[in-house]
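# Per-entry structural report
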Amino acid sequence: MSSTFSGDEMAPFFGFLGAAAALVFSCMGAAYGTAKSGVGVASMGVMRPELVMKSIVPVVMAGVLGIYGLIIAVIISTGINPKAKSYYLFDGYAHLSSGLACGLAGLSAGMAIGIVGDAGVRANAQQPKLFVGMILILIFAEALALYGLIVGIILSSRAGQSRAE
């Protein structure tokens, strides 16, 4: 029994690491954004309880970040099946980079949404004209995570293109 170690035996490890990174980092961003924005909503709700439902927008936007990570994690994990099709290091690295791109973009977007959401809902309680500006800033912060999702999908689609079979 003479088999040579090519390194491709480790490839699924990197693929699954990418799936985990996508979900974990995106959920960390979602959790931070939700918590930070939620503190602002709770603080603002004491002064202006009629604005609480209007101020939930940052919390919802932060929650969507976790869904982005879930989407990439599912795409990656369904692409890892070494028994059905050869899975090379290239594929593992493609899936790892896909997960990191989506996950870290989601983490950074969650931090931005949390900080802007906290300050924005508090400021909106004092000056209602700031609501549209806050929403625009939140949309731009959410777009950062969307960019990570798009790049993650492109990178994960590269897996399986390493060698002609």
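Read on for an overview of the structure. The numbers attached to residues start from 1 for each chain and follow its sequence in the written order. Where local features are concerned, this predicted model is filtered to residues with pLDDT of at least 70; where side-chain atom pairs are given and counted, the filter is 80 or more; whole-chain, interface and lining totals use all residues. Side-chain calculation: all heavy atoms of the structure are included, whereas hydrogens and water are not.

### A few points about the packing of aromatic side chains
- The rule is short: rings of Phe, Tyr and Trp, with Trp giving its six-membered ring, pair when the centres are within 6.5 Å, and they are stacked under 30 degrees, edge-to-face over 60, tilted in between. Counted by the stated rule, this structure contains two aromatic pairs.
- Between F13 and F14, the ring centres sit 5.3 Å apart and the planes meet at 70°, which makes this aromatic pair edge-to-face.
- For every residue, the accessible area (1.4 Å probe, protein chains only) is compared with the maximum for its type, and the residue is labelled buried under 20%, exposed over 50%, or partly exposed between those bounds. You can call F13 partly exposed: its relative accessible area is 48%.
- Ring plane angle 55° and centroid distance 5.0 Å describe the contact between F14 and Y93, whose orientation is recorded as tilted. On the criterion of sequence distance, the pair formed by F14 in helix α1 (residues 11-47) and Y93 in helix α3 (residues 89-126) is long-range, its members being 79 residues apart.
- Three or more aromatic residues joined by ring pairs form one cluster here, namely F13, F14 and Y93. A run of H or I in DSSP counts as a helix once it spans at least four residues, and a run of E counts as a strand once it spans at least two, with each numbered from the N terminus.

### Topic: a nonpolar patch on the surface
- A cluster of nonpolar residues, L144, L146, Y147, I150 and I154, forms a patch on the protein surface that exposes about 470 Å² of accessible area.
- Position of L146 relative to the elements: it lies in helix α4 (residues 131-158).
- Classification of L146 as partly exposed rests on a relative accessible area of 34%. Residues with no salt bridge and a relative accessible area higher than 30% make up the patches, which join like charges within 9 Å and nonpolar side chains (Val, Leu, Ile, Met, Phe, Trp, Tyr) within 5 Å. Note on areas: Shrake-Rupley with a 1.4 Å probe; residue coverage comes only from the protein chains shown. In the sections that follow, a salt bridge refers to a side-chain nitrogen of Lys or Arg positioned within 4 Å of a carboxyl oxygen of Asp or Glu.

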